[in-house]
2 protein chains.
Amino acid sequence: MDSGYIYATYLIEGASDLEKKARGIAVGLTVGTWTGLPREKQEQMAPYLGKVEEVVRLEPADDGSPRGRITIGYPMRNLTADLPAVLTTVFGKLSMDGKIKLIDLQLPEEFLSRFPGPRFGIEGIRERLGVHDRPLLMSIFKQCIGLPLDELETEYQKQIEGGVDLVKDDEIFFRDDLAPVGERVRAFERRNRVWEEQTGKKVLYAVNLTGPVTQLPDRAKRLVEAGASCLLLNVAPYGWDVLHRLAEDPDIPVPIMAHPAFTGAIYASPDHGLSAALLLGKLLRWAGADIVLYPSPYGSVAMPRKEALKVAQHLRENNGVHRPAFPAPSAGIHPGLVPVLYRDFGRDAIVNAGGGIHGHPDGSTQGGRAFVDAIEAVVSGVTLEEKAETSAALRKAIDAWGVVKA
Amino acid sequence: MDSGYIYATYLIEGASDLEKKARGIAVGLTVGTWTGLPREKQEQMAPYLGKVEEVVRLEPADDGSPRGRITIGYPMRNLTADLPAVLTTVFGKLSMDGKIKLIDLQLPEEFLSRFPGPRFGIEGIRERLGVHDRPLLMSIFKQCIGLPLDELETEYQKQIEGGVDLVKDDEIFFRDDLAPVGERVRAFERRNRVWEEQTGKKVLYAVNLTGPVTQLPDRAKRLVEAGASCLLLNVAPYGWDVLHRLAEDPDIPVPIMAHPAFTGAIYASPDHGLSAALLLGKLLRWAGADIVLYPSPYGSVAMPRKEALKVAQHLRENNGVHRPAFPAPSAGIHPGLVPVLYRDFGRDAIVNAGGGIHGHPDGSTQGGRAFVDAIEAVVSGVTLEEKAETSAALRKAIDAWGVVKA
Ligand SMILES: [Mg+2]
Ligand SMILES: [Mg+2]
């Protein structure tokens, strides 16, 4: 592969002449026209011309329709280092061209290094929390909409007393008249400080960043001034480049948690859109997510295990340029799943639970404790059943949800 | 339907108990939890609770999997009037929840009226061009990347001399070092002024708006100051709300043309994402597109005819609040298709061509003229063959591409 090119790999169905299809893309999405050009024009245009890197014929579809995988190189000089430019170039018009799915992108290091990547990443967040030796634990509010600040604050307190490392807003929390975001941040971060004074334990609160897209950087800065320790962003609804600009802004020095809202509209089809691994693993890390929430392989809203693992791989592997980011495989997580989570995602992951915390028979605080003890168990090689002998919270969680063996 | 609710309609496959699924959505995406709440809490939360408006069982899928269509009402008070809030609420988590496609949204007028809609719309653009009685004609550059300004300017001149009403940049034109956007706007708009002085004919040039998302409004303003008459925006890659904020900004008083780049990743699957009619027809109009480009039903990159007509319907029908916007069904358009285009899309549409103009045997100017004559013919009820008797340009176009009978 040539370091001056961006490589995009596609799965295609229905093209009988794959080579021709590939050449059409390489020309059509770069210089527009080629074979008819006079030689001198070709020389002038050659540096901008895409090239066919690989064409692989795959097994036909069930209905006999031809399938293939092709990789096209796009000259780096054709575009700017931002996701709107990359996505428009490699999957703008092409996204509408029959059964075609963009499954991978490889950027040359020079181009990749112009993306901010996570400002904190795994190590930076561990530093902030002072936790280095285990998966982190995050709690999601059971409900946000319609609750006044004092009730939310009570719920917040219950969650941190369970021993969680992070608490996040509900991603659908837009109209917060009863608990305005600035007051919320001040109240919850005050709770965090008091808790730290009492116990030495630090907590990050991921506040939902919302508003007109043009105001998001300013709003983020005001939230940081109000004491915000983490931002939650619905990246796909607001736009990939919003994350990029927040992440690279020196005046927004807090971790950013990317919520996968709406991304199923893009990754879930086998024939269209982008692969989850590319969308949630590569793109969100390049654009600057420190933490990426996405469907775990276990719940009712589930992602196939192989794909979920690949998302985590892309978030954490050495890409030559960026800090690794935390995967937070979510949905359907209860304490009895922690051994499986640990086996699948290891230490550098976030155990994220909503119902699995609030649904604990003794409430949210005991729900958190059950998770804390479950995590302690798996890290020290103890079974949950053993650990439950000295943890009433875990015992009750296991009685409620069972244990899934790793 | 209740005027305080936003109604979202989904196609769902695989849910055996549709009613239960619908109730789960109505609760899960609003107040989060319901049945376990004490009565007083339910009273407090009731205004924020979603409701199931309709559940329709459909024919099972080929594999016997149950299918249905459900409509959920979300309280308007739960969210702000912008597309990130709407999409996160009605299709955030839900987009990842198995086979589910969001096929329609209905907003109450009070909520809808907080979206800007097209600032110019069909009549505003007709005013600007002084053309009221026929479909408009737009030309796409054959190529932009890698060409120096003087060559682009020559190509621009050839296009306007063909009689087109609009010329647009290539949507993949990001790195324009050889023809920087400010200079390009000044050069092409100067060509427009000279052409108008010579012929009385006005032309709009849609310049591709690119850059960091946080800078787009300022860049748009500078382009307007430089004389820009129209902006081209890759809406999905940059973010829906970017269009909204550009459209409502009084300092950006030019029409906005929405390019459908990347939208195939969202609308093309039958089982996931959004319907094209909703995405390209409703959402883009609400957010402020004056013109929407999208695949015509005729070319190789084609949209099913019924869906393409529905996009146009949503763009133009009376929605009680917004100006109608121009549909520009694109790709595969040559002069011989104008009768079919006119039959399908009528007078208030834009005939948009790239290859169908530049591929004319006598070049781009004659290519434009062939279209001008074809449009004149269909509007006055003359066949293309008749018209070709007095139009050499159209004659040659017909000889090259044929005529598709309406
Ligand atoms: Mg939630
Ligand atoms: Mg093009």
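For the structure itself, look to the data block above.
Throughout this description, residue numbers start from 1 for each chain and increase along the sequence as written. Chains and ligands are labelled sequentially in the order written, the chains with letters from A and the ligands with numbers from 1. Totals for whole chains, interfaces and linings use all residues, but because this is a predicted model, local features are given only for residues with pLDDT of at least 70 and pairs of side-chain atoms are given and counted only at 80 or more. Water and hydrogen atoms play no part in the side-chain values, which are based on all heavy atoms of the structure.

**Q** What is the right way to read the pattern of salt bridges from this model?
**A** Pairs may arise between side chains of opposite charge once their charged atoms sit close together. Whenever a carboxyl oxygen of Asp or Glu lies within 4 Å of a side-chain nitrogen of Lys or Arg, that contact is scored as a salt bridge. Within this structure, the stated rule accounts for 56 salt bridges over all chains. Among the ionic pairs, Lys168(A) bridges to Glu171(A), the shortest N-O distance being 3.9 Å. According to the relative accessible area criterion, Glu171(A) is buried, its value standing at 2%. For Arg395(B), the salt bridge goes to Glu385(B), with nearest N and O atoms at 3.0 Å. Taken together, the residues Arg395(B) in helix α18 (residues 392–401) and Glu385(B) in helix α17 (residues 384–388) connect sequence positions 10 residues apart. Taking relative accessible area as the criterion, Arg395(B) reaches 28% and is therefore assigned partly exposed. Within the structure, one salt-bridge network assembled from shared partners comprises Glu13(A), Lys99(A) and Asp271(A). Exposure classes here rest on a 1.4 Å probe applied to the protein chains alone. A residue is buried below 20% of its type maximum, exposed above 50%, and partly exposed in between. Secondary structure elements are taken from DSSP: a helix is a run of H or I of four residues or more, a strand is a run of E of two residues or more, and numbering for both begins at the N terminus.

**Q** Looking at this structure, I do not really get the coordination of the magnesium ion (ligand 1). What am I missing?
**A** Expected angles at a metal are 109.5 degrees for tetrahedral coordination by four donors and either 90 or 180 degrees for octahedral coordination by six donors. Metal sites are built from N, O and S donor atoms within 2.8 Å, or 3.2 Å for Na, K and Ca, and they leave out water, so they may look incomplete. Protein coordination at the magnesium ion (ligand 1): the donors are Asp170(A) (OD) and Lys93(B) (NZ), at 2.3 to 2.8 Å from the metal. With Asp170(A) in the loop between β6 (166–168) and α7 (181–199) and Lys93(B) in the loop between α3 (83–91) and β4 (99–106), the pair connects residues from two separate chains. For Lys93(B), a relative accessible area of 36% translates into the label partly exposed.

**Q** I would appreciate a short explanation of the interface of chain B and chain A in the present structure.
**A** Size of an interface: often given as the accessible area lost when the parts come together. By the convention used here, residues are in contact when the closest approach between their heavy atoms is within 4.5 Å. Between chain B and chain A, the residue contacts involve 68 residues of the former and 67 residues of the latter. Throughout, buried area stands for the accessible area (probe radius 1.4 Å) lost by two parts on being put together, summed over both. At the boundary of chain B with chain A, total buried surface from both sides reaches about 5,600 Å², with 64% on carbon and sulfur atoms. Broken down residue by residue, the surface that chain B buries against chain A is led by Met96(B), Arg175(B) and Phe262(B), which jointly contribute 13%. Counting every contact that joins chain B to chain A gives 2 salt bridges. The salt bridge partner of Lys41(A) is Glu151(B), with a shortest N-O separation of 2.1 Å. Think of a polar contact as two N or O atoms within 3.5 Å of one another; within protein, one of them needs to be a possible hydrogen donor and the other a possible acceptor, and neighboring residues in sequence only count if both atoms come from side chains. Across the contact surface, chain B and chain A share 16 residue pairs in polar contact (both at pLDDT 80 or more). When residues of the side of chain B that touches chain A are traced back to their parent elements, those giving at least two are α2 (39–45), α3, α9 (235–238), α10 (240–248), α11 (264–267) and β10 (272–274) of chain B. Counted by class, the side of chain B that touches chain A contains 35 nonpolar, 23 polar and 10 charged residues. Each residue receives one of three labels: charged for Asp, Glu, Lys and Arg, nonpolar for Ala, Val, Leu, Ile, Met, Phe, Trp, Tyr, Cys and Pro, and polar for the others, Gly being one of them.

Nothing here speaks to function; it is geometry throughout.
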